[in-house]
Every structure is written in structure tokens, then in C-alpha cells.
Amino acid sequence: MKSGAGDDPFATEGSEDEDEVETDTGPATTPGLDESRSEREEDIKQTSPTTTESASELPYKYRRDSVKDGRTQQPMFLQDETESLIDETVAEIESQFDESVYKTDVVEAMIVAGGEETTPEAVLRRWGYGMKNS
Amino acid sequence: MWIAMLAFTTYSEAGGVGKSTLAANLAVADAREGRDVLVIDLDPQEASLSYLLDVDDDRDDSSADSLVRHLVERPRGEFDDLIRTSEGVDVLPAHNSLEMLAKHLQRREEEASDFGENWNRNVQLLRVLRENDVHERYDTLIIDPPATADVKLYNAIHATRSLVVPFEPSGKGFKSVDGLEDLVPGLEENLDINVGVLGIVPNNFSGTNDQQDMLGEIESKGYDIPVVLNERGSLFEGCWRQQCSAFRYVEEHRSREREYERETLEKLTELARELRQTVEAPA
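Values in this document were obtained by computation on a predicted structure and should not be read as measured data. (Residues numbered from 1 in each chain as written. Chains lettered and ligands numbered in written order. Predicted model: local features only at pLDDT ≥ 70, side-chain atom pairs only at ≥ 80, totals over all residues. Heavy atoms only, no water.)

### Some remarks on the packing of aromatic side chains
All names here are of chain A. Here is the rule: To pair, rings of Phe, Tyr and Trp, with the six-membered ring standing in for Trp, must have centres within 6.5 Å; the planes then decide the type, stacked if under 30 degrees apart, edge-to-face if over 60, and tilted in the middle. Secondary structure elements are taken from DSSP: a helix is a run of H or I of four residues or more, a strand is a run of E of two residues or more, and numbering for both begins at the N terminus. Burial classification: accessible surface area is computed with a 1.4 Å probe over protein chains only, and a residue below 20% of its type maximum counts as buried, one above 50% as exposed, and the rest as partly exposed. Each ring is checked for a lysine NZ or an arginine CZ that lies within 6 Å of its centre and within 35 degrees of its normal; such an atom marks a charge sitting over the ring.
Evaluation of the coordinates by the stated rule reveals three aromatic pairs over all chains. Judged by centre distance (6.0 Å) and plane angle (75°), the ring pair of Tyr60 and Trp127 falls under edge-to-face. In this pair, Tyr60 sits in helix H3 (residues 60–63) while Trp127 sits in the segment after helix H6 (120–126), placing the two residues 67 residues apart along the sequence. With respect to burial, Tyr60 and Trp127 carry one shared label: buried. Directly above the aromatic system of Tyr129 lies the positively charged group of Lys61, at a separation of 4.6 Å from the ring centroid. Above the ring of Tyr60, the side-chain terminus of Arg64 is found at 4.8 Å from the ring centroid.

Next comes the structure, spelled out in C-alpha cells:
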């Protein structure tokens, strides 16, 4: 704290925007998760014969920089039973794929699977999950 | 040259030191200079700035849109429709639902967290103001939160980064300047911001030796005391009774001009001018 004016909270320089992102200190994605994801990404690039240079051909999971990329936030009103079902599905899929999955991915996969009459696992595989052990 | 908007929060640890009175009068002083001024009242108590400027009639309408709804991303209408005008000042009035703001923000933060998203309850006011281009449309932004240290105060400080601190020169008032030094460094660290004190404004000053010593001590801590407001009980009480600024009160509700009241108006004008200079002058 000092005498005089503080920061300009409305400054639009990039540095300020980065500050903004950093101030969002809510309990969300753990850094560990991100790290292991990018490590896996490296693995895929090095070992998979089908890997191409073009990022657009990578599965969604490996194309994005964060779980929010390519998504818009939609408020959802869920019944308690549905929330429990989501949590159970996350746990089930994590053990099946033997890797961490984002709840955000699972929720959307459940919706897509319902619409496509397939399974959340199939949708998540299409997005790039489960490649580690396949 | 592009000049940044003057933005500050009126802060005091203790209530009843003329915080809202000062905020309202500084807003009117700037509007009288031809500036576009927005004041945001975050105080859910009935006797808040919205009452003083007579724009508080929707505060208990629970069906009305309110700032609280915008802060948790559940707006019911346009931000601009929340704004009322009084004495040339745009006011975003307080709403009773502000009392529950901490709970609403906490719920929203938990919901976001469940979906793996970052969402910080203390930075939402700045988000709303930015989304609505407040910094491009106004020359002055004044936020008047309640004295209690909670999400309302934190959001206000995060959105303005600068403080104006009304100060009652008494033992209790002096302690509240210490309280400021306890609160702000923690906030700066948690929210990764730098906060500045534009000025400390002694109010209700009667000039005793004790009071003089206190001003000296504040200045020795490095704070600026742009003006000292003397005891003006009847003028400020009149403002609350007539629900108007001191400027309008003297113009419309006093049958004769009182020299000491004119002097107080001049000091308010001078304070507003000095505050404007903090953004106009190169830092």
C-alpha cells in the first residue's frame, strides 16, 4: 500500500490481462493435471505413428490449451441425483482409462453421448482420452 | 492525451464518519465540473448513499434486476437500466439483496469449481464494470461499500485500486487508519493488485491539540491530507434530511448564506480537484 493512486484496474495492456487471469485463484484445475497432460501430449507426438504436424488434426483434448478452450460457459440446473451420477461417471471413467479426466469433459460427453446414442467413453475417446493405454 | 478514469473507493473501518456523505458530495462536485460520474452504492443498510441522493425506492423489490444478479452472472436486464440519476450523477443504487451477496458469490464460486472452472468471488465487480465499458463512458467512478470487511469491500477495492479515507480525528478514528494497514496488504497479495491511498480526509475536525497531533502522525506515515473538514454537523444533517448534496442544500434549503458553510463547499470542491489531479498528473 502506498500514498497516491493504485494500479489502473481498467488498463487494457496485455500484462494487465495476464494479471487478471492470475487473480482468478479459485480452486479449479490443478497444475499437476495440466502438467501430466502436456507430458502425455509429448508422448503422443513422439511415439504415435499417426501423429501429424497439423494441430487441427489432433483430438480435441490435445488441441486445447485449457479445458475451457473452444467452450462457452452454460449454466446448468441439475437435480442432486444427476450430480451424483456425474461424479460416479467421472470416477468410473478415470478407473477405466487409468488417467485423470476433467469433470467438464465428462459432463459434456454425457450430453453428447445421450444425443448420439453412444457412450460417454466413446465420446471421450474421440476427444483424445484413453490413448495412453490403447 | 487520453486520461484515465478517476476511480476510488471510500473506505473506513468504522461507520458514521461521513463516508457516504463524502462520496456523494465528491460525486456531485465532479459532475458540477462537467464530468460524467458513476457512483456505486454497495451498502445494504437503509441509510446509505442511495437514500442520501434519493434514488433508493427499488431497494426492497426482490423481482427487480440488481447489481447482485449481474455479479453472479444471472442478470435480469441491462446494466444501464440499473442506473438512476440524481443531481447530474449516475447512481447504481443499493439493493437489499446485497446483504446476501457473500452467500450468492460463494455458491457461484463453488458451482464453477465443480465444473473445473476458475471463478473468484472478489473480482466480479470489476468484470461487470469492464463488460459494460464503464471506464470508457465515465470520467469518475466512486464506490461506496459498507465498512465491514467482506466481499463487498474487497470487490470495491479490487475494482478501483485507490482509496479515499474519511477519518474522524478521535482515538477510535485513529485506530481505523491502523485497520487499513492491516487489511490492505493482505488484499494486495491475495488479489495480486497494488492499492493506493489518494487521501485521508479528516472530518468533524474541531482543532484540539490531540486532533492536531493525529493529523501530524498521519502525515508522518506518508499519507496525503488534501483538506480538513471542520465540524459541520448541521450542514451534513441537513443533507440527509433533505436527501441532497451539500451543494444543493446550501443553494436550495438555506435562506441565507453562511460563510463557514460556503467554506466547506469550497473545501469539497478543492478535494475533488486534487483527487482528479491524481490521474491527470503524470505519475
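Here the narrative resumes.
### Some details on the interface of chain B and chain A
The line we're drawing: What makes two residues a contact is simply this: any of their non-hydrogen atoms within 4.5 Å. What counts as buried area is the accessible surface, traced by a 1.4 Å probe, that two parts surrender upon association, with contributions from both included. Salt bridge, as used here: a side-chain nitrogen of Lys or Arg that lies within 4 Å of a carboxyl oxygen of Asp or Glu. Here a polar contact is recorded for every N or O atom pair within 3.5 Å, except that within protein the pair must consist of a potential hydrogen donor and a potential acceptor, and residues adjacent in sequence are included only if both atoms are side-chain atoms.
If you look at the interface, chain B gives 42 residues, while chain A gives 33 residues. Taken over both partners, the interface formed by chain B and chain A buries close to 3000 Å², and the fraction arising from carbon and sulfur atoms is 51%. The tally of links from chain B across to chain A stands at one salt bridge. A salt bridge links Asp7 of chain A to Arg161 of chain B; its shortest N-O distance comes to 3.3 Å. Remark: the boundary between chain B and chain A carries ten residue pairs in polar contact (both at pLDDT 80 or more). Those elements that place two or more of their residues in the side of chain B that touches chain A are helix H4 (101–114), helix H5 (124–131), helix H7 (151–160), helix H8 (171–191) and strand E7 (196–202) of chain B.

### Remarks on the sheet that holds E7 of chain B
Applicable threshold: Only strands that DSSP links by at least two bridges are regarded as paired with each other. Fitting a line to C-alpha atoms yields each axis, with helices limited to the stretch in contact; the angle taken between N-to-C directions then spans 0 to 180 degrees.
Overall, mixed pairing links the eight strands, which are arranged E1(A)-E7(B)-E6(B)-E1(B)-E5(B)-E2(B)-E4(B)-E3(B) in an open sheet. In this open sheet, the two edge strands, each paired with only one partner strand, are strand E1 (2–3) of chain A together with strand E3 (84–86) of chain B. Looking at chain direction, strand E1 (residues 6–10) of chain B and strand E5 (residues 140–144) of chain B are connected through four bridges and run parallel. If you follow Leu6 of chain B over to E5 of chain B, its bridge partner there is Thr140 of chain B. Lying on the sheet, H7 of chain B is in contact with E1, E5 and strand E6 (162–167) of chain B; it crosses E1 of chain B at an angle near 155°.

### Observations concerning the pattern of salt bridges
One pass over the full model with this rule turns up 26 salt bridges over all chains. Residues Asp144 of chain B and Lys19 of chain B are paired through a salt bridge, measuring 2.8 Å at the closest nitrogen-oxygen approach. With Asp144 of chain B in strand E5 and Lys19 of chain B in helix H1 (residues 19–32), this pair connects stretches of sequence that are 125 residues apart. The partner of Arg74 of chain B in a salt bridge is Glu111 of chain B, with the nearest N and O atoms 3.4 Å apart. With Arg74 of chain B in the loop between helix H3 (67–71) and E3 and Glu111 of chain B in helix H4, this residue pair connects regions lying 37 residues apart in the sequence. By relative accessible area, which is 22% here, Glu111 of chain B ends up partly exposed. The network of salt bridges with shared partners includes Arg64, Arg71, Asp105 and Glu108 of chain A.

Read these as geometric descriptors, not functional statements.
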